[in-house]
Every structure is written in C-alpha cells, then in structure tokens.
Amino acid sequence: MNTMTDQKILAVTGKQKMTPSEAFVETLVAQGVKDVFGIVGSAYMDALDLFPVAGIRFISVAHEQGGGHMADGYSRVSGRHGVCIAQNGPGITNFVTSTAAAFWAHSPVVVITPETGSATLGLGGFQETEQLPIFSKVTKFQAHVNNRLRMAELTGRAFDRAHLELGPTQLNIPRDFFYGDIECEIPRPMTIERGAGGERSLDEAARLLAGAKFPVILCGGGVVMANGQPEAVRLADLLQAPVANSYLHNDSFPAGHPLWIGPLGYQGSKAAMQLIAKADVVLALGTRLGPFGTLPQYGMEYWPKDAKIIQVDADAKMLGLVKPISVGICGDAKAAALALIARLEGKSLACLANRDARLATIRGEKAAWESELDGWACEKDNWSLEVSKNSTYMHPRQMLRELERAMPEGAMVSTDIGNICSVSNSYLRFDRPRSMFAAMSFGNCGYAFPTIIGAKVAAPDRPAIAYVGDGAWGMSFGEIQTCVRENIPVTAVVFNNGQWGAEKKNHVDFYENRFIGVNLDKQPSWAAVAKAMGAEGHTIERTADVGPALRAAVQAQREGKTTILEMMVTRELGDPFRRDALALPTRHLAKYQSTAAKRG
Ligand SMILES: Cc1ncc(C[n+]2csc(CCOP(=O)(O)OP(=O)(O)O)c2C)c(N)n1
Ligand SMILES: [Mg+2]
C-alpha cells in the first residue's frame, strides 16, 4: 500500500539537534512530499522557508479550498499523499469543504493546520478558532502537536494514518511550536500491506461465485486505490462475468473490455442496470455500496434484491452498512480478487455452462444502450423541448458525445456537480485507472477545476480536463490564476446554460417553474475572463467545433497553456438528482396557498 517503500528516503537519520521547523520539514521529506498546496501565512513561515532547500515545491493557490481540492486530485491520481497548508484561523476554515470532499473520496490528504499560539489560546486573539472540533467529522485522524518535542512523531503519524485509514488527516500545530531547539529522530514512513480478507469468507465467496448462473462484478474505487484493475480483469475473464463500474468510478474497469457494461447510478448505463438486475450473485469489489450510487434510475429499480451479495471493502465498517450482504470480506480489492482467482481457477463454474447465452445478452444490452445514446440528442420533457425550441445553442448531450469522441488517450477528467456534469456520466469511458475524479458523495459545486489542477501536478504528462457547470465555475474560476502563475496547464470545459440547472430542474418538476435564485443572468463571457486572466479562452457554439476545440486545448497543454472552453448550450435539463428526496409542496397557512401543489 504505502508507495514510499521503494523510494529513496532523503531525510536526515539518527537522533540529532534541530528546530521543530526542521523536524517538520524533514518528516515531510521522509514521507516523500514533493508538492504542497496552500496560501502563504506567517503561522508557518519558519518552516516554509525551508521548503525550497528540502526539495518541496510550494504551490500558491487562489483560495485555500482550491488548494485542498488540488491536494485531493494529486493524491487520487498518484496514490500518494496530497498535502495542503494555510494560515491559522480563516485560512484553515477555508479547508473545511475540501477536506469533507476528500473524506468521501477516500483520499489520503494531509491537512496541515497551524494554530494560534499556545501561550494565548483561548484569549480570542487574532485569527483564532478551535481547529480540531471543526474537522473532527471529516478526518480519519487528528494529530495535535501538544509539545514541540513531538513535532516529527506526530507529523509522521498524520501521514501514516492517511494511508492506513484511507482518508484525510489533520496535523494541528500551535504556531509557536515551530520555534525552539529539540532533539529528535525523523520517523520513517510505515509500510502498510493489506491482506485479502478472512479465509472462511473468501471460501464462502468462491463457493457462491462457482455456483452462480449469472454473476455480475461491480468494481468500485477500492479497485482503483488498490491498483487492482488487472486482477479484476482476470476475475471477470475467468467467470466471463459482466462488470459494472460503481457510481462515479468509471475508471475502475477498462471500458474497452468486452465484459465492461458501464456505470451504475445517476445518469449511468442502462446496460449495466439491466444486467445487474438479472444477477444471482454480485461481487461488489472495493465498494462501500454508497446509498446514492444504487438509487433507481430511468424509472428502473435495478438492484437485485434476491441476489447473493459478496462485498469486499478495506474498511470493515462499510461491510453490510448500506445493502444487506451474504458475505463480507474485509480486505484489499486486489488481494481479494487474487485470492478468489486462486480458489476458482480450474474449478467447475456453473456460469460457464450458459456462457454463450450470457455473452449474447451482454452484447445485446450494450448495443441497445449505445444506440439509445446515439439517438438521444436532446432531453424530451416538455420544459426542455420548450426552452430549446428556438435556441441556436448546442444540445448538452450532443456536445458531451462530441467531447467523448475527441477525448485524448490517457486523459484525466474531473467532473463537478450539476445537471450537465451528471449527464456526462453516460459519456465518460476510460481504459486506464486513476482517470476520473468526480466530486464524490460530498457533492460540492466547485470541486472539479481545482481537483484537475492537482491531478496535473502529479501527472504532468497526462491531458487534464475538468467538466464544470457555469454556476460551479463562478465558485472556482479564480484558480485560473494558479494555473497561470504556477505553470500548470489544464483545460476547463465550462457548460454555459445560464443557470444553476440541477436545482432549476427541481423548480420545474416540483415547484411549477417558480424560479428563485436559479437563473445566472448577466454572466460575463467566461472566455473573455479567461483571457483577461492570462489563459486561453474560446466560446464554442456549434457541435462541429467541440471536438477540434478540445483537441487544440489538449495540444495547448503541451505548450504550457491553460484553456477555458465555454460551451454555449441550451437550457434543457436531464433527470433530476434527488427525485427520491423531494415532494410536491404542502402548505397549511392561508397566505402560502398560492404555492401549494394543485391536487387532483
Ligand atoms: C457548494 C454547493 N452549493 C450548492 C450546491 C447545490 N447545487 C447542486 S447542483 C447545483 C447547480 C449547479 O449548476 P451549474 O454548475 O451551473 O451546472 P448545471 O446544473 O447548470 O449543469 C447546485 C447549486 C452544491 N451541490 N454545492
Ligand atoms: Mg449551469
């Protein structure tokens, strides 16, 4: 697990005299830290001063939330720690949203939070707030440096725990503790190796799979994090079982593989839904089976309630939490897949008897979904038809299909939260893991752009593309400054539909088009804003221009240029996010009767 094991550790060795700042920075060096995202602050300036000599790049961002998302993207693409740091008080509270997002993406982000001085804590001095309670529910571990002697030990632990517990950790350091003289030894990173799971549960899982007539594999983020894609492919080949991606993990299984059936969940693949509905045994590999990811879609209840469910998750607490399961395996997705292969290879497998019929069904469902997507040029509900009728702009689905066709080899794509980003789920296919970085279950608008910037820092040779709605863009475009200043060339595709579309869809479906706060009127030209900020900016109005524009923007990345592609699309809207969680309005008070749903 710990990717540090093979790296040469350049930190000082042996117990020796140093300052806590030196101990802190040397521990970062020992942990292999090369890049830290943040905004400069006096609270940690003594340590920051050492970064260049230590070989650590400090990436100066526009807003700390962006820096936190960059650390998240960096860790998701590299499998290494992402690190962010800021000024005590407001700089740190700006990290809350990004830390919560990293928590639900299971990203090993170390959030370094210098705190007000220990000698004045509690007096209400400058930039003071209690920094531990705020992060207590969005971190896996919180280290508080309560004594400068423990700087290296606790810094090392924050890093180790981020990998061990698969999520963000906090390192809280009273700012005066960077100064002084201490004697200490720099801790080496822990090597963490996870096993396949318990023997009995693996035996039972293998027995169920061997007896299955229609097994389906569901690959989650755990497969990506464990680097277990080749093993997932081997297992699928062995069983000749179709493989779905769990929601927003479209990179967990190669889309070019004949057994790939696409993603489940919101705006996912109907083929995946139709096929998993037929399963008698589901192997949920490296997924917590999050509640949002298996909600009914397209009016279809596809989760196979009567099937035997085998769930593999590295976090024991996730087993059986959301869906009832038959077998829970607490293990690493890659190791568990290998252990299952070892148990199944050479055995008689019931599913091979009907192999040809199953393969035909898989091919049929995939072809049906592809041709449905091909024909699905625009949304067909009344409101969408009305607003797009006289528009000269592009239909979002056609634009997304063109982006898909022009997607370069090895692309990394981050997606935001919004209606068009959600619809893109059907059009995002990857052959390589660590390629899709969606705002996972935390679902915050403003995630995608900074996240792709962090991913690009970790993987500078890969094309980096963010999909962002225009509302979410308003929250995050400030990070263009980071791209330009720090020479991090990426591409942002901004969907300009002039509205907070995903929320507007709820007004349409539930509130009789009483639009409040959803129209984004008087927006600037985002292409012009991009140019004013030193990036390239293009406005795209025709579907035929989408592919060439994306290709040119990817080429521009190779020349060090960031490009913003502003896609002018109609105001039509796909299915809503939360049909499950909204209700038609009931009003009891007389004064609000005009807003009550008309019954009957
Ligand atoms: C930080 C944050 N604020 C508010 C929301 C609620 N929200 C979810 S989707 C959405 C609309 C997104 O609009 P836009 O980015 O323009 O994309 P579109 O839906 O128009 O494609 C909003 C406001 C959220 N998810 N996150
Ligand atoms: Mg919008």
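Per chain, the residues get numbers from 1 upward, laid out in the order the sequence is written. Ligands are numbered from 1 and chains lettered from A, in the order in which they are written. Residues qualify for local features only when their pLDDT is at least 70, as the model is predicted, and side-chain atom pairs are given and counted only at 80 or more; totals for whole chains, interfaces and linings, by contrast, use all residues. Based on all heavy atoms of the structure, the side-chain values leave hydrogens and waters out of the count.

Trainee: Please clarify how the side chain of Gln267 should be interpreted in this entry.
Mentor: Structurally, Gln267 can be placed in the loop between β11 (260–263) and α12 (270–277). A 1.4 Å probe rolled over the protein chains alone gives each residue an accessible area, and that area as a share of the maximum for its type sets the label: buried under 20%, exposed over 50%, partly exposed in between. Residue classification places Gln267 among the buried residues on the basis of a relative accessible area of 2%. Each polar contact in these results corresponds to two N or O atoms within 3.5 Å; when the atoms are within protein, one needs to be able to donate a hydrogen and the other to accept it, and residues that are neighboring in sequence are counted only if both atoms are side-chain atoms. At a separation of 3.3 Å, a polar atom in the side chain of Gln267 contacts the side chain of Arg397. By definition in these notes, contact holds between two residues if any of their heavy atoms fall within 4.5 Å. For Gln267, the residues in contact, after removing those within four places along its chain, are Gln297, Tyr298, Arg397, Ser422, Val423, Asn425, Ser426, Gly574 and Asp575. Comment: elements are numbered from the N terminus, with helices defined as DSSP H or I runs of at least four residues and strands as E runs of at least two.

Trainee: Just checking my understanding: could you explain the sheet that holds strand β19 (residues 536–540) for this structure?
Mentor: Sheet strands pair by backbone hydrogen bonding; their relative direction is either parallel or antiparallel. One open sheet holds the 6 strands; their spatial order is β16-β15-β17-β18-β20-β19, and the pairing between them is parallel. In this open sheet, the two edge strands, each paired with only one partner strand, are β16 (436–438) and β19. Each neighbouring strand pair of the sheet contributes to a mean axis angle of 15 degrees, computed without reference to strand direction. Relative to the sheet, helix α23 (residues 543–558) contacts β17 (464–469), β18 (491–496), β19 and β20 (563–568), its axis offset from that of β20 by approximately 170 degrees. Strands are treated as partners if at least two bridges between them are detected by DSSP. Note on geometry: axes are lines fitted to C-alpha atoms, helical ones only across the stretch in contact, with angles between N-to-C directions running from 0 to 180 degrees.

Trainee: Can you help me understand the coordination of the magnesium ion (ligand 2) in this one?
Mentor: For a metal bound by four donors in a tetrahedral arrangement, the ideal donor-metal-donor angle is 109.5 degrees, while six donors in an octahedral arrangement ideally sit at 90 or 180 degrees. Protein ligation of the magnesium ion (ligand 2) involves Asp470 (OD), Asn497 (OD1) and Gln499 (O), the donor distances falling in the range 2.1 to 2.2 Å. Note: metal donors comprise N, O and S atoms at 2.8 Å or less from the metal (3.2 Å for Na, K and Ca); water molecules are not included, so apparent gaps in a site are possible. The sequence pattern formed by the donor residues of the magnesium ion (ligand 2) is D-x26-N-x1-Q. Of this pair, Asp470 sits in helix α19 (residues 470–476) while Asn497 sits in the loop between β18 and α21 (501–510), and the two are 27 residues apart along the sequence. Overall, the relative accessible area of 2% leaves Asp470 in the buried class.

Trainee: Is there a simple way to think about the environment of Ala314 in this case?
Mentor: For Ala314, the location among the structural elements is in the loop between β13 (308–313) and β14 (327–330). Since its relative accessible area comes to 29%, Ala314 is described here as partly exposed.

Trainee: Teacher, can you tell me more about unusual backbone geometry here?
Mentor: Outside of glycine, negative phi angles account for most residues, and trans bonds account for most peptide bonds. A positive phi is found at Gln127, a non-glycine position, where the angle reads about 55 degrees. With respect to the element layout, Gln127 can be found in the loop between β5 (109–115) and α7 (131–135). We classify Gln127 as partly exposed; its relative accessible area is 21%. Here Asn513, not a glycine, exhibits a phi torsion of approximately 60 degrees, which is positive. Residue class for Asn513 comes out partly exposed when judged on its relative accessible area of 36%.

Trainee: How do you make sense of the site of ligand 1 when you look at a structure like this?
Mentor: Any residue with at least one heavy atom within 4 Å of a molecule or strand is counted as near it. Near ligand 1 lie 18 residues; those nearest to it are Asn419, Asp470, Gly471, Gly501 and Ala502. At 3.0 Å from an oxygen atom of ligand 1 is found a main-chain nitrogen or oxygen belonging to Ile420. Residue Gly501 places a main-chain N or O atom 2.8 Å away from an oxygen atom belonging to ligand 1. Note that accessible areas follow from Shrake-Rupley with a 1.4 Å probe, and for residues the cover is restricted to the protein chains shown. In isolation ligand 1 offers 580 Å² of accessible surface; the protein chains occlude 79% of this area. Elements with a minimum of two residues in the shell around ligand 1: α17 (419–423), α19 and α21. It is α19 that contributes the most residues to the shell around ligand 1, 4 residues altogether.

Trainee: Help me out: how do you make sense of the pattern of salt bridges in this one?
Mentor: By definition here, a salt bridge exists when the distance from a side-chain nitrogen of Lys or Arg to a carboxyl oxygen of Asp or Glu is within 4 Å. In the structure shown here, the tally under the stated rule is 31 salt bridges. With a shortest N-O distance of 3.4 Å, Arg57 and Glu486 are connected by a salt bridge. Within this pair, whereas Arg57 is found in strand β3 (residues 57–60), its partner Glu486 is found in the loop between α20 (480–485) and β18, the two being separated by 429 residues in sequence. Residue classification places Glu486 among the buried residues on the basis of a relative accessible area of 17%. Residues Arg579 and Asp575 are paired through a salt bridge, measuring 3.3 Å at the closest nitrogen-oxygen approach. Here the salt bridges share partners, and the residues they tie into one network are Glu370, Asp374, Arg401, Glu404 and Arg429.

Trainee: Got a minute to help me understand the pairing of strand β15 (residues 412–415) in this structure?
Mentor: Each regular strand carries side chains that alternate between the two faces of the sheet. Taking every second residue as pointing to the same face, both faces of β15 are buried, with Met412 and Ser414 on one and Val413 and Thr415 on the other. Where β15 meets β17, 4 bridges bridge the pair, whose relative direction is parallel. Looking at β17, one finds that Thr415 is bridged to Tyr467. Across 3 bridges, β15 lies against β16 in parallel orientation. Following the sheet pairing, Thr415 is matched in β16 by Ala438.

Trainee: I would appreciate a short explanation of the packing of aromatic side chains in the present structure.
Mentor: Geometrically, a pair of aromatic rings is defined through the distance of the ring centres and the angle of the planes. Here a pair means two rings of Phe, Tyr or Trp (six-membered ring of Trp) with centres within 6.5 Å. Their orientation is stacked below 30 degrees between planes, edge-to-face above 60, and tilted elsewhere. Counting across every chain of the model gives 16 aromatic pairs. For the pair Phe37 and Tyr74, a centre-to-centre distance of 5.8 Å together with 75 degrees between the ring planes defines the contact as edge-to-face. A residue pair is termed long-range when its members are at least 10 positions apart, and Phe37 in strand β2 (residues 35–38) and Tyr74 in helix α4 (residues 64–78) qualify at 37 residues. Here Phe37 matches Tyr74 in class, with each residue buried. Each member of the aromatic cluster is reached from another via a ring pair, and the members are Tyr247, Tyr266, Phe292 and Phe577. In this analysis the charged atom, NZ for Lys or CZ for Arg, is taken to sit over a ring once it is within 6 Å of the ring centre and within 35 degrees of the ring normal. The ring of Trp376 has Arg397 lying over it, and the distance from NZ or CZ to the ring centre is 3.6 Å.

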